[in-house]
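Tertiary structure, described
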Amino acid sequence: MGCRGGRKSPLCSHRSGKAPKLLARIGELNDGQAGLLLLRKYASYAKLVYNIRTSLAQDIVSELDKFDEDVRNCFVALMQVAPDDREWARAQRATGVGGLGLRSVSRHANAAFVASVIGTSDLQRSIWSILSPADILTEPSVRVALDALEPHLPRSMMLSLVNGDIAPQKHLSRAIDR
């Protein structure tokens, strides 16, 4: 579950490779509307969603925070405006709840990880026949992620997750954005 154990995270490869270069180039565009579309759809959250679905956030928190900072810097350069922290928090919300859709990978990482683990529990159990649903939910990395999510989700949603009920990541992220 994830890319830990001393191996270099795929996220590190993104950070030292394509993502920062792409963000810098988008920030140099003279078309704010086109740049915002590129940033939202291809260069921010979407760029690292696989990584956060397969890695425990606490293992890569500094990389996630740095990526979020790079996205903010790109936005500032592109739009020629520097939002304060409250305004930036709103910009990171989904467009459906009044944001710009520039989701924070750091803020949504635990939701992505938990949704992935629970969503693949049947596959995991088909590969490892001795694995039970309880084994998956009590695995330390899953417990850490669930504990980190608890203050950000409604109680009913948390109860569903700890019972192993599948919750799509978009539903968890929508709840975090509210």
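First, a word on scope: everything that follows refers to the structure included in this document.

Parameters at a glance
- Residues numbered from 1 in each chain as written.
- Predicted model: local features only at pLDDT ≥ 70, side-chain atom pairs only at ≥ 80, totals over all residues.
- Heavy atoms only, no water.
- Helix = DSSP H or I, 4+ residues; strand = E, 2+ residues; numbered from the N terminus.
- Rg over C-alpha atoms; globule rule 2.2 N^0.38 Å.
- Contact = heavy atoms within 4.5 Å.
- Lys, Arg positive; Asp, Glu negative; His and termini not counted.
- Charge placed at Lys NZ, Arg CZ, Asp CG, Glu CD.
- 1 Å grid on protein atoms, 1.4 Å probe; cavity = no way out; pocket = protein on both sides within 12 Å on 5 of 7 lines; lining within 4 Å.
- Points joined across faces, edges and corners; volume = space filled by probe spheres on them.
- Nonpolar A, V, L, I, M, F, W, Y, C, P; charged D, E, K, R; others polar.
- Core = buried A, V, L, I, M, F, W, Y, C linked by side-chain atoms within 4.5 Å.
- Buried < 20%, exposed > 50% of the residue type's maximum accessible area, 1.4 Å probe, protein only.

1. Digging into the overall build of the protein chain
On a plain count of helices and strands, the protein chain comes out with twelve helices and zero strands. Order of helices (α) and strands (β) in the protein chain, N terminus to C terminus: α-α-α-α-α-α-α-α-α-α-α-α. Its C-alpha atoms give the protein chain a radius of gyration of 17 Å, within 12% of the compact-globule value 16 Å for 178 residues. Taking the principal axes of the C-alpha coordinates as reference, the protein chain spans close to 55 × 35 × 20 Å. Taking all contacts inside the protein chain whose residues are at least 6 apart in sequence as the whole, residues at least 24 apart take part in 65%. Separation between the mean location of the 24 positive side-chain charges and that of the 18 negative ones in the protein chain comes to 5 Å.

2. Quick look at the layout of surface pockets
Looking at the second largest pocket, its volume works out to about 160 Å³. In this structure, the second largest pocket is lined by Arg40, Lys41, Tyr45, Ala94, Thr95, Gly96, Gly101 and Arg103. Tallied by class, residues from the lining of the second largest pocket come to two nonpolar, three polar and three charged.

3. Description of the nonpolar core
With 23 residues, the main nonpolar core has Leu23, Leu39, Ile52, Leu64, Phe67 and Val105 as its most contacted residues. Mapped onto this core, the elements with two or more residues apiece are helix H2 (18-27), helix H3 (32-43), helix H4 (45-54), helix H5 (61-79), helix H6 (85-91) and helix H7 (105-119). In terms of residue count, H5 provides more of this core than any other element does, six residues in total. The contacts of Leu23, once residues within four sequence positions are left out, are Leu39, Ala43, Phe67, Asp70, Val71 and Cys74. Core analysis: the next-biggest nonpolar cluster, separate from the first, contains 20 residues, Val114, Leu153, Leu161 and Ile176 among them.

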